[in-house]
Amino acid sequence: VQLVKYVQAAIKEKNWNAVLTIVMDLMKQAEEKFDNGADRKELVLSMIESMSDSINYNIDVSQISNMIDALCSMSKIVNAPTE
């Protein structure tokens, strides 16, 4: 319940730093549950949509999807193996 309130406040305030933190936390949870990247992303997006429905607030899932893609791309660069 507190997470839902936090998400609602962050989105209403257009506080994308807070939304980013929430998405990263959900990505971490998904990482532990699935081996497949597409399944992980689907879980995160469904959890965001569920939160959106429960707080009766429209979240642009396509923006969240793009955020996830950008985070994954950044991770591949930052965590690239050294030669």
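Because the structure is predicted, anything quoted here is derived from the model rather than measured.

**Here's the deal with the pattern of salt bridges**
- Tallied over the entire structure, the rule returns two salt bridges.
- Between arginine 40 and glutamate 31 there is a salt bridge, with the nearest N and O atoms lying 3.5 Å from each other.
- Glutamate 31 gets classed as partly exposed once you look at its relative accessible area, which sits at 46%.
- For the salt bridge of lysine 41 with aspartate 69, the shortest nitrogen-to-oxygen distance reads 2.8 Å. Within this pair, whereas lysine 41 is found in helix H3 (residues 37-54), its partner aspartate 69 is found in helix H4 (residues 61-78), the two being separated by 28 residues in sequence.

**Overview of the confidence of the model for the protein**
- In the predicted model, the protein carries a mean pLDDT of 81, and the fraction of residues at 70 or more is 78%.
- Across the protein, the secondary-structure element scoring lowest on mean pLDDT is helix H1 (residues 2-12), at 68, and the one scoring highest is H3, at 88.

**Description of the environment of isoleucine 48**
- Relative to the helices and strands, isoleucine 48 is located in helix H3.
- Residues isoleucine 48 and aspartate 60 lie twelve residues apart in sequence; the distance between their C-alpha atoms is 9.7 Å.
- Residues within four places of isoleucine 48 in sequence aside, it is in contact with Ile22, Val23, Leu26, Ile59 and Ile64.

Analysis parameters
Every chain is numbered on its own, with residues counted from 1 as its sequence reads. Thresholds applied to this predicted model are a pLDDT of at least 70 for local features of residues and 80 or more for the giving and counting of side-chain atom pairs; totals over whole chains, interfaces and linings are not thresholded and use all residues. Remark: hydrogens and water are excluded; side-chain values derive from all non-hydrogen atoms of the structure. Think of a salt bridge as a Lys or Arg side-chain nitrogen and an Asp or Glu carboxyl oxygen that are within 4 Å of each other. Relative accessibility under 20% of the residue-type maximum defines a buried residue, over 50% an exposed one, and the middle range a partly exposed one, all with a 1.4 Å probe and only protein chains included. Secondary structure counts use DSSP, requiring at least four H or I residues in a row for a helix and at least two E residues in a row for a strand, with both numbered from the N terminus. Note: pLDDT gives the predictor's confidence per residue, expressed from 0 to 100. Throughout, a contact is declared for two residues whenever any of their heavy atoms are within 4.5 Å.

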